[in-house]
Amino acid sequence: MASEGPGAKATKANVNLSTADFALEHYVAVTTEGESAGVEQLFAADFNQKIQATNAQTHGREAIVKLLKKQKGEKLNCTVSTDIIEESADYMVAKVTLKFENFTKTDLVTLEREGDKWKVSKSINLYK
């Protein structure tokens, strides 16, 4: 019965975020392949996402985590490429390009080391 007590369903999946590359790979899986394990661990507490468009939007960590959990198992029909723009011992900026049939989404992702884990701290989305 103890396994069904408080917090049993809240057990967090242990996702390897020990390097920027692992964290970036997991971010791509979460945002494009419907992966939901470790979503809470992936984003920094002060994470924000900006969508550059005619009506620019900003979303915080809580809204993005909730959205990504809803999309569990949903895979986007696109080709994905990633390029590292800047990298240091504690910081990485990467460009994730999603090419769909009729448009391209470019996601500029900032990752930062927090202790021994890497977290996504910012995301800026552009659409063409």
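How each quantity is defined
- Residues numbered from 1 in each chain as written.
- Predicted model: local features only at pLDDT ≥ 70, side-chain atom pairs only at ≥ 80, totals over all residues.
- Heavy atoms only, no water.
- Patch = residues over 30% accessible without salt bridge, like charges linked within 9 Å, V, L, I, M, F, W, Y side chains within 5 Å.
- Areas by Shrake-Rupley, 256 points an atom, 1.4 Å probe, with all protein chains shown as cover.
- Salt bridge = Lys/Arg side-chain N within 4 Å of Asp/Glu carboxyl O.
- Lys, Arg positive; Asp, Glu negative; His and termini not counted.
- Charge placed at Lys NZ, Arg CZ, Asp CG, Glu CD.
- Helix = DSSP H or I, 4+ residues; strand = E, 2+ residues; numbered from the N terminus.
- pLDDT = per-residue confidence, 0-100.
- Contact = heavy atoms within 4.5 Å.
- Buried < 20%, exposed > 50% of the residue type's maximum accessible area, 1.4 Å probe, protein only.
- Phe/Tyr/Trp six-rings, centres within 6.5 Å; stacked < 30°, edge-to-face > 60°.
- Arc of directions from axis to C-beta.
- Pairing = 2+ DSSP bridges.
- Axes fitted to C-alpha atoms, helices over the stretch in contact; angles between N-to-C directions.

### Description of a negative patch on the surface
- Together, Asp21, Glu25, Glu86 and Glu87 give the surface a local cluster of negative charge.
- Every element with two or more residues in the negative patch is listed here: α1 (20–32) and β3 (79–87).
- One can find Glu25 in helix α1.

### What about the confidence of the model for the chain?
- Predicted confidence across the chain gives a mean pLDDT of 88, with 90% of residues reaching 70 or more.
- This model gives residues 1–11 a pLDDT under 50, and the stretch forms one contact once residues within four places in sequence are excluded.

### So, the pattern of salt bridges
- What the rule picks out here adds up to two salt bridges.
- Linking Lys69 and Glu40 is a salt bridge whose minimum nitrogen-to-oxygen distance equals 2.3 Å. On the criterion of sequence distance, the pair formed by Lys69 in helix α3 (residues 61–70) and Glu40 in helix α2 (residues 39–42) is long-range, its members being 29 residues apart.
- Classification of Lys69 as partly exposed rests on a relative accessible area of 39%.
- A salt bridge links Asp90 to Arg113, with the shortest nitrogen-to-oxygen separation between them at 2.9 Å. Taken as a pair, Asp90 in the loop between β3 and β4 (91–99) and Arg113 in strand β5 (residues 104–114) lie far apart in primary sequence, 23 residues in all.
- Given a relative accessible area of 45%, Asp90 falls into the partly exposed group.

### Quick look at the packing of aromatic side chains
- Tallying each qualifying case throughout the model produces four aromatic pairs.
- When the ring of Tyr27 is compared with that of Phe43, the centres are 6.2 Å apart and the planes differ by 75 degrees; the resulting orientation is edge-to-face. With Tyr27 in helix α1 and Phe43 in strand β1 (residues 43–52), this pair connects stretches of sequence that are 16 residues apart. In this pair, the class of Tyr27 matches that of Phe43, namely buried.
- Residues Phe100 and Phe103 carry aromatic rings whose centres are separated by 4.5 Å and whose planes lie at 15 degrees to one another, so their mutual orientation is stacked.
- Exposure remark for Phe100: the relative accessible area of 21% places this residue in the partly exposed category.
- Three or more aromatic residues link up through ring pairs in this structure, and these residues are Tyr27, Phe43 and Phe47.

### Details of α3
- The set of residues buried in α3 consists of Ile64, Val65 and Leu68. Along the axis of α3, the buried positions cluster into a sector of 100 degrees, meaning they face one direction only. Of the residues in α3, the exposed ones pointing more than 90 degrees away from the buried face are Glu62, Lys66 and Lys70.
- The elements touched by buried residues of α3 are α1, α2, β1 and β2 (57–60).

### Topic: the sheet that holds β1
- Here six strands make up an open sheet; going across it, the order is β2-β1-β6-β5-β4-β3 and the pairing mixed. Each having just a single partner strand, β2 and β3 make up the two edges of the open sheet. Geometrically, the sheet is characterised by an average inter-axis angle of 20 degrees between neighbouring strands, direction not taken into account.
- On top of the sheet, α1 reaches β1, β3, β4, β5 and β6 (117–127); it is set at about 30 degrees to β4, its chief contact.
- Lying over the sheet, α3 contacts β1 and β2, oriented at roughly 80 degrees with respect to β1.

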